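Given next are the chains, with one letter for each unit.
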Amino acid sequence: MERLKSNGGEHINPAYDSTLDEPPVYEEANFSNGEHRAVRASVVSAFGHDTLDRVPNIDFYRNAGSMSGHRAVRPSLQELHDVFQKNGAISVLDTAEDDGDGSDGTPSNDLESAVPTDDSEGAVKFGWIRGVLVRCMLNIWGVMLFIRLSWVFGQAGWGLGIVVIALSCVVTTITGLSMSAICTNGVVRGGGAYYLISRSLGPEFGGSIGLIFAFANAVAVAMYVVGFAETVVDLLKDNDAIMVDEINDIRIVGCITVVLLLALSVAGMEWEAKAQILLLVVLLVAIANVFVGTVIPATTDKKSKGFFNYDSKVFLENFTPSFTENENFFSVFSIFFPAATGILAGANISGDLRVMTMVSGFGPLIIAGTFSATLSSALASLVSAPKVFQALCKDNIYKILHFFAKGYGKNNEPIRGYVLTFIISVAFILVGNLNTIAPIISNFFLASYALVNFSCFHASYAKSPGWRPAYKYYNMWLSLLGALLCCVVMFVINWWAALITYGIEILLYIYVKVKKPDVNWGSSTQAVTFVSAVNNALSLSGVEDHVKNFRPQILALSGSARARPALLDLAHSLSKNYGLCLSCEVFVGPRSEALEEMNAGMEKNQLWLQKTKRKAFYAAVTCDNFREGTKCLLQASGLGRMKPNTLMVGFQRNWRTASTEAVQNYVGILHDAFDFEYGTVMLRMDQGLDVSHIVEAEEEMLKAAKEQQALDNEMMSNGGKARGLFRKSRKSSQQVLTTRVSVCGPPPPQVAKMNERLLEASAQFYKKQPKGTIDVWWLFDDGGLTLLLPYILTTRKKWKDSKLRIFIAGQPGRCELDKQEMKSLLHKFRITCSDINVIDDIHVQPRADSLKKLEEMIKPFCLHEGSKDTAQAEAMRKEQPWKITDKELSTFEEKTNLQVRLNEVLQENSKSANLIVVSMPIARKGSVSDFLYMAWLDILTKDLPPTLVIRGNHKSVLTFYS
């Protein structure tokens, strides 16, 4: 068999089992252009020429590390689309190695992707008869016929007895239908009910039920073995052969039995299966023996004890119930129903055994049948518990239990799980009295059956396209009924045991929910969440926005999620879990290159946001220039009413050294935000916001360290001699490492100090804020956004020690009146503040030194055309239209001076504030040049604590009406 080779080697999946199905065969083919290489025969024969496209095949849909075949890699859309732009070079892997991550978000360490040992081809596999039918027949027939059925009919009569059986069958049949639907909706791996529930409802439900299901099976071993030991001790008692006393004899026989069963289980599944077949034969003979006994004429001794063969009179008399003391229909049902599911509720079976022995044709066969029933059930539980537990541990939902995930031998036997189950079983056997814990164990099993039914209902209700069970004879509402019936039966059996079961499930559910295991199984919970989100978004679309429900929905131009942490943290503090927050990035450059970079970073940035618990979405676009990309984000971001309404940007500190285009793009973005009626927020911090250069250096260092570690490991594993793939790439790798180390070497002391201050400042809003104030300079009425945003900050835990101080502009001589008016307004808005300050000298002329700073700031960007003649001045304006003209300076002199003066009063009053919030000046389009506007923003916020410059869209976001 020839496989298509690329990148210097052939990738063979170590988990593949060739006995299940064959991967596609490749043949040598010659093409018209003289090329000769291995291709799929179906590709050539179907289309008559070589093509990079592949015909549909099962191998493209496998997970990485699939145990049923090689995972093939179809060419990506980019490879098909761009291949001829890259000189026609075709290099597409046809098989994939398991690199640690599964396909489609599936972790490679789950059950589907588990890699067995090298001798996996010798693994034992059972069909549905030996693997399922035989075990179920042993488990249910044995318990019902030998231990429970005669007692049930003796108590309830055959009328109510049939009702008890029918009700039990209804629940188990519905559960069977639900399980059939789930099992046929894709490949099912080991783990039983845990696997079904976890893959359907997610790790929270699966993890909680898996743990108690495995524990229930482990305790069930003890219950069945005690039942067997009681029978043996009864025989010893009848023959005066008691070793110590009855209780200790049960313990001795029980422990010896568990040791023998463990040895049989550890010997391998093949031996266990053979033992089950033998036990089934004994059980069937014993059942036949009972029917034979019913037609043998009853002796006088039997008649004296109530056995009359088939008699119509007795048959009619037995129609009605004859409950003994403390028994009723529900108590009888609670004892029989667990038996119908294969669970022994209570260990004392000697009385029922004597009844069956008397009615049979040959008494010793009933003893043998009882041994068969109890031992087969114990053996089944002893095998089931470690398998379920191993499956749970492999998924690594409870990290502390991952030790038990390891398997041994060709069947990947959970030896560690067997030992743990053995310890639990022996511990409960030594306790002796299992009647107390029996109802809890029964409810553990019932809880798993309830969730199986609910899983079927939930998957059907979600209407996910992926829910396509091959078994069609199920009904979602019938499954829901089955789940409810299981819950009801739990309380019927024992109400306090049901409450304990629910309590344990809820605690385990909360634990897994909080821990958030790194798994993605495409559960129906995800599907229902998506459907609910779509429905809620659609319902919101039909409702007009109301001022009372306004909340800031922020579009933050943060670059990559890690590039400007201070900006993102402040945006997250404003939106928290109650509003939309988008961390947006614009990739500028040729689309083919920018797309590749953008696609590579999408998932990485979103994962970083989730990992650092920042409740935000990452969005990115590619465009030829920054402004056009931002326009796309401003217009197209969001969904329905869940659209951003507030733009948040950082201040461009390098505007004086940046290119003209960069400044025009930045100011243009602010103009676009005003045009699209966004509220606009600009954050300035003296140390700056952008830490992308530090992040990139850190990533390069980590990458270099990982590559060096990989090279070192390869050298050590080969005794210091590199070989294979690493031998070929060692030289180039060392060159790369050398280059990286030189690039990422320690920076100069001055730069290092600046980076240290920058990193410290970037984490400022991530931690709790010290006691202090948020100074709000509400100078212009913009609809209330300048007041609302700082108020929202004070409601957050990190900012609870920061008090609001309000500053307003006032007219000389009426400061007190202005203060009372503002106090009244704030009272109506229900916004509390620690102080209100009226500044009545904003209108005065700024100091000369302040004006000088402004002049120096804008000097390189002034046209200075006033000293030139008209023609020369006009030519200068045409040549440099972006420069500040003398006319412009004269026209906006007062507004320019206002920004200078505001900085002076901000320095006087708010120098020690935790955060300053000030109204943003607006530059009229076509009148104020971009560089003059940047000078306004710069001089306004210069040499201040962290400052937010805010301008609402002049629509009310505050109201005093109820």
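For the structure itself, consult the block above.
Given the structure is predicted, the values throughout are model-derived calculations rather than measurements. (Residues numbered from 1 in each chain as written. Predicted model: local features only at pLDDT ≥ 70, side-chain atom pairs only at ≥ 80, totals over all residues. Heavy atoms only, no water.)

1. Quick word on the overall build of the protein chain
- Along its length, the protein chain carries 31 helices and 12 strands.
- The buried share of the protein chain, reckoned over its 962 residues, is 48%.
- Relative to all contacts within the protein chain whose residues are 6 or more apart in sequence, the contacts with residues 24 or more apart total 77%.
- For the protein chain, the exposed surface amounts to about 48200 Å²; the carbon and sulfur share of it is 59%. (Helix = DSSP H or I, 4+ residues; strand = E, 2+ residues; numbered from the N terminus. Buried < 20%, exposed > 50% of the residue type's maximum accessible area, 1.4 Å probe, protein only. Contact = heavy atoms within 4.5 Å. Areas by Shrake-Rupley, 256 points an atom, 1.4 Å probe, with all protein chains shown as cover.)

2. A few points about the packing of aromatic side chains
- Going through the model one piece at a time under the given rule, you end up with 28 aromatic pairs.
- Measuring from centroid to centroid gives 5.6 Å for Phe329 and Phe330, while their planes differ by 80 degrees, and the two rings are edge-to-face.
- Here the aromatic residues Phe454, Phe457, Tyr461 and Trp477 are joined through ring pairs into a cluster of three or more.
- The ring of Trp521 has Arg199 sitting right over it, with the charged end atom 3.8 Å from the ring centre.
- The lysine or arginine in question, Lys406, covers the ring of Tyr408, its NZ or CZ lying 5.2 Å from the ring centre. (Phe/Tyr/Trp six-rings, centres within 6.5 Å; stacked < 30°, edge-to-face > 60°. Lys NZ or Arg CZ within 6 Å of the ring centre and 35° of its normal.)

3. What to know about the pattern of salt bridges
- Scanning the model with the defined rule gives 19 salt bridges in all.
- Here Asp690 and Arg564 are joined by a salt bridge, their closest N and O atoms 3.5 Å apart. Within this pair, whereas Asp690 is found in the loop between β7 (679-684) and α22 (692-717), its partner Arg564 is found in the loop between β3 (554-557) and α18 (565-575), the two being separated by 126 residues in sequence.
- Overall, the relative accessible area of 23% leaves Arg564 in the partly exposed class.
- In this structure, the salt-bridge partner of Glu677 is Lys955, at a minimum N-O distance of 2.9 Å. Here Lys955 lies in the segment after β12 (947-951) and Glu677 lies in the loop between α21 (660-675) and β7, a separation of 278 residues in the sequence.
- Owing to a relative accessible area of 46%, Lys955 belongs among the partly exposed residues under this scheme. (Salt bridge = Lys/Arg side-chain N within 4 Å of Asp/Glu carboxyl O.)

4. Brief notes about unusual backbone geometry
- Positioned with a positive phi, Lys613 is a non-glycine residue whose angle comes to about 60 degrees.
- Considering the arrangement of structural elements, one finds Lys613 in the loop between α19 (591-611) and β5 (617-623).
- For Asp943, which is not glycine, the phi dihedral falls at a positive 55 degrees.
- Positionally, Asp943 belongs in the loop between α31 (930-941) and β12.

5. A look at α31
- For α31, built from 12 residues, the straight-helix expectation of 16 Å at 1.5 Å per residue is met to within 8% by its first-to-last C-alpha distance of 17 Å.
- Burial runs high along α31: 12 of the 12 residues are buried.
- Within the span of α31, buried status applies to Asp930, Phe931, Leu932, Tyr933, Met934, Ala935, Trp936, Leu937, Asp938, Ile939, Leu940 and Thr941.
- Just downstream of α31 lies Asp943, where phi reads positive at about 55 degrees. (Expected span 1.5 Å × (residues − 1).)

6. Let's talk about a negative patch on the surface
- Judged by side-chain charge, Glu593, Glu596, Glu597 and Glu696 come together as a negatively charged surface patch.
- Of the residues forming the negative patch, the biggest block, 3 residues, is contributed by α19.
- Along the polypeptide, Glu593 turns up in helix α19.
- A residue is classified by how much of its surface remains accessible, and Glu593, at 55% relative accessible area, is exposed. (Patch = residues over 30% accessible without salt bridge, like charges linked within 9 Å, V, L, I, M, F, W, Y side chains within 5 Å. Lys, Arg positive; Asp, Glu negative; His and termini not counted. Charge placed at Lys NZ, Arg CZ, Asp CG, Glu CD.)

7. A few points about the sheet that holds β12
- Read across the sheet, 10 strands follow the order β5-β4-β3-β6-β7-β12-β11-β8-β9-β10 without closing on themselves; strand pairing throughout is mixed. The open sheet has two free edges, formed respectively by β5 and β10 (835-839), since each of these has just one partner strand. Adjacent strand axes in the sheet meet at a mean angle of 20 degrees when their direction is disregarded.
- In the sheet, β7 pairs with β12 via 5 bridges, with the strands oriented antiparallel. Counted as the bridge partner of Leu683 is Leu948 from β12.
- Helix α20 (residues 626-636) contacts β3, β4 (581-588), β5 and β6 (646-650) of the sheet and is inclined by roughly 150 degrees relative to β4.
- Contacting β3, β6, β7 and β12, α21 crosses the sheet at an angle of about 165 degrees to β6. (Pairing = 2+ DSSP bridges. Axes fitted to C-alpha atoms, helices over the stretch in contact; angles between N-to-C directions.)

8. Regarding helix α14 (residues 438-462)
- In a regular helix each residue adds 1.5 Å, so 25 residues correspond to 36 Å; α14 covers 36 Å between its end C-alpha atoms and thus fits that length.
- In terms of residue burial, α14 counts as a mostly covered element, since 23 of its 25 residues are buried.
- One or two steps after α14, the chain reaches Lys463, where phi turns positive at roughly 55 degrees.

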